[in-house]
Amino acid sequence: MYMSGRTLLPISTSIATLLSKEFNGELPVSYSGGANALTVKDLFEAGIRPITVATDMLKPGGYTRLTQMVNITRGAKEAFKMSKIDVDKIALLAEKAKDPTYYISKEFRGLNKAKVGDALGLTDCYVAPCVSACPIHQDIPDYIHLAGEGKYAEALALIYEKNALPNITGWICDHQCQNHCTRMDYEGPVQIRAIKKLAAEKGYDEYKSEIWSELEEPADVKAVVIGAGPSGLSTALFLARAGFDVTIKEREKNAGGVVKNVIPNFRIPEEVVQKDIDFVLEHGVKIEYGVELKDETIAALKANYDYLFYCVGAEKENKIKLEGNGRVMDAISFLADSKEAKDLALGKNIVICGGGNTAMDAARQAIKTVGVKDVTVVYRRSILEMPADREEYKAALQDGVKFMFLTNPKRFEKGELELVKMALGEADATGRCRPVETDETITLACDALITATGEKADSEMLKAFGFEFDEKGKAITADATVSLVGDVSTGPTTVVRCIAEARKAVNAAINAVLDGIEAEEDDECDCGCHESEHDEDCDCGCHDHESEHDEDCDCGCHDEQEDEEEMSDEELEEAENQFFAEIRAKKATI
């Protein structure tokens, strides 16, 4: 008898059980094509042989998967002496095989995949999925190598080249790099975020004293950044590196935005956030606190600044449809009030609606609140589609938070929250299955409902600033010197994606400055010939490089040189090349 295929394991082992009972284990049984590290020992100890492997070796690990299985079967020493099928063990195996988690274990990775999202080019098959998945494409293998050698300062220097906030992202980055790590199917993904954190902690002092140097005086190009959250801080740092004269205007009494004022201290200590803020300010960035945002319109700022960057976040909550008059609050407000140690008097039974990291933070903070006895997170999809980081989910479980999947709030009044049970339908634009309401409902005791269902940009505020809106309601402007950066542009996102948006916006500003300088260089000659096409009769002489101007040349091109010492063509070209090299070197730093 010959059996094949991992997904056929329940059928194959059931048939093998029937035949082995019929023949009292004397019928030889082999297994092929579906054995893996999870099943090979049970197959071998049941007396099945030979066991051959095919498809499993086409997956990450290749032939090392075969080595892994050999090492596992070596532990089954008594099985090597078997001469027939063990009927009891094959029957037990058939029962275990009815549970798919027995032979397919992918819960640890959720929806993560160890591959790049884009098609590879002809010669780009070496692209690391971790680098490709990172929004700022950090040089992850390189800084891991440096950290592994104990060169933490050098590793941090490499991180700083693309990451404005390494201390913050060392604690709370959503680490898409790890979610696409090629070691995922071996011993588990490399702990990339933890290595970044280690480099920031152990390499910072040496980096500051031995590698980093203070910037020179900024150029006469002024930029203003509205908002001092992750997007604003990143934008300011990249601008300062590139030589801009940078000012941040912040509404709050401190910098850091949501990371500083909302995310709980058990997720990230305040001193870690402050370390990144201080480093940004050490680049010559000026910051004004307590600013009235309504006064920071495009028209008002254009009078004093050359480039404007609005990094005001997405702070307007997405309200859920809910009947009744129970106590409802949004997660951001709840977390901010908790961080200020306000007496919230939530009650005993708290329900959190949502499935992201903000929901996990709210749940963990709620269960630590005085007077709270029970916290339940309700999420309208299954655990597989839940976007929260798995470590944050597990931390919530460890804190005693309960979870109810495929449920959604419907009515909340008189201390009872009615939930409608959901079913998964077709996939939506995000690739996750769309939740569909059923006719079944359940009821929970609830004193307060905290919603963590996302935020959006404040369109009224943006309109007051002077932005227009496209047909989809997205804020836009035709002014190339004005940018929307981070959550206010993309919607709620992660810190590292805010850094990526900042790099993109600053890069565009640098290109605009360079283009303007090069245009001015081209227009220095004011003979008027540049405004029209030259013809054969053009006799200004400006472009007759084979002849020299004489004292009677009156085109005006060289008037400003009369009071200066003349430079040779070679000296002029060298000076010009040095000037543009300096400009491009500043651009290269980001």
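Residues numbered from 1 in each chain as written. Predicted model: local features only at pLDDT ≥ 70, side-chain atom pairs only at ≥ 80, totals over all residues. Heavy atoms only, no water.

K.L.:
Just checking my understanding: could you explain the sheet that holds strand S14 (residues 416-427) for this structure?
P.N.:
Strand pairing in a sheet relies on backbone hydrogen bonds. The paired strands run either parallel or antiparallel. With antiparallel pairing, three strands are arranged side by side in an open sheet as S13-S14-S15. Each edge of the sheet is formed by a strand with only one pairing partner; in this case those strands are strand S13 (407-413) and strand S15 (433-445). Recorded for the sheet is a direction-independent mean angle of 20° between the axes of neighbouring strands. Two elements, S14 and S15, share nine bridges in a ladder whose sense is antiparallel. Bridge assignment links Leu419 to a residue of S15, and that residue is Ile442. (Pairing = 2+ DSSP bridges. Helix = DSSP H or I, 4+ residues; strand = E, 2+ residues; numbered from the N terminus. Axes fitted to C-alpha atoms, helices over the stretch in contact; angles between N-to-C directions.)

K.L.:
Looking at this structure, I do not really get the environment of Glu385. What am I missing?
P.N.:
Within the fold, Glu385 resides in the loop between strand S11 (374-379) and helix H18 (390-398). With 47 residues separating them along the chain, Glu385 and Arg432 place their C-alpha atoms 6.1 Å apart. In contact with Glu385, other than residues within four places in its own chain, are Tyr379, Leu424, Arg432 and Cys433. (Contact = heavy atoms within 4.5 Å.)

K.L.:
What exactly am I supposed to notice about the packing of aromatic side chains here?
P.N.:
Geometry of an aromatic ring pair is reported as the spacing of the ring centres plus the angle between the planes. In the structure shown here, the tally under the stated rule is 12 aromatic pairs. With 5.4 Å between their ring centres and 55° between their planes, Trp212 and Phe279 make a pair best called tilted. One end of the pair, Trp212, is in the loop between helix H11 (192-211) and strand S4 (222-226); the other, Phe279, is in helix H14 (residues 270-281), and 67 residues separate them in sequence. The pair formed by Trp212 and Phe279 is uniform in burial state, with each residue classed as buried. Residues Tyr310 and Phe467 carry aromatic rings whose centres are separated by 5.1 Å and whose planes lie at 80° to one another, so their mutual orientation is edge-to-face. A residue pair is termed long-range when its members are at least 10 positions apart, and Tyr310 in strand S7 (residues 307-310) and Phe467 in the loop between helix H19 (459-465) and strand S18 (468-469) qualify at 157 residues. Of the aromatic side chains, those joined through ring pairs into one cluster are Tyr160, Tyr204, Tyr207, Trp212 and Phe279. Just above the ring of Phe266 sits the side chain of Lys368; from NZ or CZ to the centre is 5.0 Å. The ring of Phe238 has Arg503 lying over it, and the distance from NZ or CZ to the ring centre is 5.7 Å. (Phe/Tyr/Trp six-rings, centres within 6.5 Å; stacked < 30°, edge-to-face > 60°. Buried < 20%, exposed > 50% of the residue type's maximum accessible area, 1.4 Å probe, protein only. Lys NZ or Arg CZ within 6 Å of the ring centre and 35° of its normal.)

K.L.:
What's the story with the packing of helix H16 (residues 331-339) against helix H17 (residues 357-367) in this structure? I'm lost.
P.N.:
Each packed pair of helices is defined by two parameters, the angle between the axes and the distance between the axes. In the contact formed by H16 and H17, the axes pass within 10 Å of each other and the chain directions differ by 45°. Between H16 and H17, the interaxial angle falls into the category oblique. Taken as a pair, H16 and H17 cross one another with a handedness that is left-handed. In this structure, H16 contributes Ala331, Ile332, Phe334, Leu335 and Ser338 to the contact, and H17 contributes Thr358, Asp361, Ala362, Gln365 and Ala366. In terms of residue class, the contact of H16 with H17 is made up of six nonpolar, three polar and one charged. (Parallel < 35°, antiparallel > 145°, perpendicular 65-115°, else oblique. Left-handed = near helix turned anticlockwise from the far one by under 90°. Nonpolar A, V, L, I, M, F, W, Y, C, P; charged D, E, K, R; others polar.)

K.L.:
What's the story with unusual backbone geometry in this structure? I'm lost.
P.N.:
Peptide bonds are, in most cases, trans, and in most cases residues other than glycine have a negative phi. Each neighbour pair has its own omega, and for Arg49 with Pro50 the value is 5°, a cis peptide bond. Along the chain, the position of Pro50 falls in the loop between helix H2 (40-45) and strand S3 (51-52). Of note in the backbone geometry, His175 takes a positive phi value of approximately 40° without being a glycine. Note on His175: relative accessible area 4%, which makes it buried. Phi angles above zero are rare outside glycine, and Lys414 is one such case at about 55°. Within the secondary structure layout, Lys414 lies in the loop between S13 and S14. Residue Lys414 is classed as exposed on the basis of its relative accessible area, which comes to 83%.

K.L.:
Help me out: how do you make sense of H17 in this one?
P.N.:
For an α-helix, the turn length of 3.6 residues means that residues three or four places apart are oriented alike. Of all 11 residues making up H17, eight are buried, and the element is well covered by its neighbours. Along H17, the residues classified as buried are Ala359, Met360, Asp361, Ala362, Ala363, Arg364, Gln365 and Ala366. Buried residues along H17 sit against H16, strand S10 (349-353), S11, H18, strand S12 (402-405) and strand S16 (448-451).

K.L.:
Hey, could you run me through the pairing of S12 in this one?
P.N.:
As defined by bridge partners, S11 adjoins S12 across four bridges and the pair is classed as parallel. Bridged to Thr376 within S12 is Lys402. Running through H18, the crossover from S11 to the neighbouring parallel element S12 is right-handed. (Right-handed = clockwise from strand over helix to strand, strands pointing away.)

No statement about biological role is implied by the geometric values presented.
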